[in-house]
Every structure is written in structure tokens, then in C-alpha cells.
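Listed below are the residues making up each chain.
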Amino acid sequence: MKILGIEFSPLSIPKTRRWETLAVFFWMATFMFSTVFMGPVFIMIYILFYTNYWYLGILYLCWIVVDVKTCNRGGRKGWLPKFVRHWNLWNHFANFFPIKMVKTAELDRNRNYLVGSHPHGVLSAGAYCSFATEGTNFSKVFPGMIPHLLTLQEMFFIPLFRELWYATQACAATKDGMEYLLTQPGGQVVVLVPGGAQESLNCDKGEVRLILKQRKGFIKLALRCGADLLPSFTFGESSIYDKLPNPEGSFVRKVQDKIQSVFGFAPVFFLGRGIFNYNLGIVPHRRPLTVVLGTPIHVERNTKPTQEDIDEMHRKYMESLVRLYEEYNPIHGDPSVQLILT
């Protein structure tokens, strides 16, 4: 049924599909409420200045100060991450698209791995589900391995919202945070999105444009820590939202680049679907996502790598990523979509 151009879903939709939509809406709405609208900040202001529970707000702010370095020291441990990562909510989340993870090689529990997850997309839905939750059964697919999805350190400064990130075993995408994880005895799977916020702006039809050629910091860190590199690609990630066209040089792109340079993140103008309609809202479209983890690239520890060492390992990484894309895109992606590295 269409009303004013909005296509509404029928009332007879199975209840399971409603739960799946609500799960993804929770994820997206929580992110937007906490970052774009700064909801948790206003909640804290209200508690501190307009309720009788101001002392709880003071205690919580003190806790944040004491806890501020945890995101660079391996994140939360213990029962809480295990509990939250196994929420049934994430199964509904995975089933919505659906999302599946493909393993192409075994991982050695005695080694640490630095995973490069591509592409960024709007919010890296495939990487979040696969590495920050048990929606795709990571602990069963890779028993004994501990995944850590990396995100902006600023996410751990936002009251309340930070607790959700911590509860998924996430850590900060900083040099200190990554180095801490990659120098642990073994079994750490550290997941970085090298393209970062800037890559989320790329939305040209018929191509997946990755920002990678000049991103060599993670390669240097892998060499210094002796962590194996592992390319990963989420097929379908770029198609779950419709984005406002923003070619290089356009007014929209200039505004986005300026904001990204100032604040560290880029405003992506996107459109998805709603809870009860198919073409207007913040919920992504139901399109299959397949997260393929490639073959590990063995890295010998080199505490003082030269630029030549870094460039050579970076070349191997890009070649491995391209091979992964060319092999699995005809199976899980769209053969007409071209991979471009910039």
C-alpha cells in the first residue's frame, strides 16, 4: 500500500520479521540518539541539575574519569561482554539482512591478528554484527579467539553509550589501544576499518571505492607487534542505504570533508526504510551481507621497520584483498560492481 509515495508494509508480516526490524532500529536509533543528537549528554545534564539524584550523576562522571583508559587497555572483560554479546537481539539483527560470515582459513590461537575490515559503509553493519556480537557465531566459527571491534576513542567518552560499546568487547582505534591488544600472548582478533569515516562518504553506483593506498599506519603496527594481517570484506555493505550523490568537488562533498576534518567524523546523508514502510527511515534495507575473512598474511616481528618494509607488506595486503574480492564477489556480491583502491 502506498500513501504519498511511501510504501507501507502489510499488517500480515510475520512477528519474527517485526522483531528483526526492531533489532536493527534499536542499533541505528541508539547510535544516532547518542552521537548526532547527543542524547546521553542531555540526560546527564538533566540528572545533575533538575533531579534529586544529582549525586548519582557525579558518581558516574567520576567513574568515567577513572575508567577513561580502559578502551586503550583491552576493554571490558568478564561476564558482562559474554552476556551482552549473546543477546538474542543480535540474532534478530543478523537475520534481518541476513548477515553471514565465511571462513576461508583457520586461525592459530597462539597468534594475534589485525583484521582490516572493508568497506566502511554507513555504520559497518556487517563488521559490527560479526565481531562485536555473536550474531554470526564468531566464538563457534573461531573457537578460542577473542574479537575486538575498534571504533573512535570518542565513543568511549559519551555517557551511557560508552557502556554498550564496552559490553561488546570493543576498544579504541588508537595506537596505544591496538598495540596493547596485539602484544597480548595470543588469540586476539583486532578488527580495524582502515578507510575510516572518510570512506563512508563514497557512494558512486557500480563501484566500491576504498581509501587504502595511503593508510599504512596499521601495517607498521602489525610489523612492530608481529601480528598477522587478515583482510576482510563485507559484500553488500555499500548497498543497504541509499546515499545523496556527492562526487568529488561537489558542494555536498566539500561540506562533508570540512566537517570531517574538524570533528573527525563525516556526516553521511543517507536514506533507508522505516519500521512499517519500505522507503523512508533510518533502518537499512533488507539486503544480504556476507563477511568473508581471507587468508592470514604471516608477519614477522620487526620493532623498527623501514619504510621499504612497510611498503612491501602494504603491497602484499592490498594484493591479498583484491584476490579475495575477485574470488568471492561473483559468489556473494555483484559482478558488475568494481573494486577501486585509492
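Going by the structure above, here's the rest.
Computed from a predicted structure; not experimentally measured.

**Some details on empty space enclosed by the protein**
Taken as a whole and assessed by the stated rule, the structure comprises two cavities of 30 Å³ or more. The computed volume of the largest cavity comes to approximately 60 Å³. Surrounding the largest cavity, S9, I13, R17, R18, T21, R273, I275, Y278 and R286 form its lining.

**Looking at the packing of aromatic side chains**
Two numbers describe a pair of aromatic rings. These are the distance of the centres and the angle of the planes. Inspection of every chain in the model, using the stated rule, returns 23 aromatic pairs. On the numbers, 6.1 Å between centres and 20 degrees between planes, the contact of Y46 with Y50 is stacked. Residue Y46 and its partner Y50 are both found in helix α2 (residues 39-50); the two are separated by four residues, about one turn of the helix. Relative accessible area serves as the criterion here: at 49%, Y46 is assigned to the partly exposed category.

**Considering the state of the cysteines**
Overall, the coordinates contain zero disulfides when judged by the stated rule. Between C71, a free cysteine, and C171, which holds the nearest cysteine sulfur, the sulfur-to-sulfur gap is 7.6 Å. Among the residues examined, C71 registers a relative accessible area of 0% and is labelled buried. Note on C129: no disulfide assigned, nearest cysteine sulfur contributed by C171 at a separation of 19 Å.

**As for the nonpolar core**
Membership of the largest hydrophobic core comes to 51 residues, with the highest contact counts inside it found for W27, F93, F97, I99, F131, L149 and W165. If you list the elements that add at least two residues to this core, you get α1 (15-35), α5 (88-96), β3 (99-103), β4 (113-118), α6 (125-131), α8 (161-167), β7 (188-192) and β12 (289-293). At six residues, α1 tops the list of elements feeding residues into this core. Counting 36 residues, the second largest nonpolar core, distinct from the first, contains V102, F218, F235 and M313.

Rules behind the numbers
Residues numbered from 1 in each chain as written. Predicted model: local features only at pLDDT ≥ 70, side-chain atom pairs only at ≥ 80, totals over all residues. Heavy atoms only, no water. 1 Å grid on protein atoms, 1.4 Å probe; cavity = no way out; pocket = protein on both sides within 12 Å on 5 of 7 lines; lining within 4 Å. Points joined across faces, edges and corners; volume = space filled by probe spheres on them. Phe/Tyr/Trp six-rings, centres within 6.5 Å; stacked < 30°, edge-to-face > 60°. Helix = DSSP H or I, 4+ residues; strand = E, 2+ residues; numbered from the N terminus. Buried < 20%, exposed > 50% of the residue type's maximum accessible area, 1.4 Å probe, protein only. Disulfide = S-S within 2.5 Å. Core = buried A, V, L, I, M, F, W, Y, C linked by side-chain atoms within 4.5 Å.

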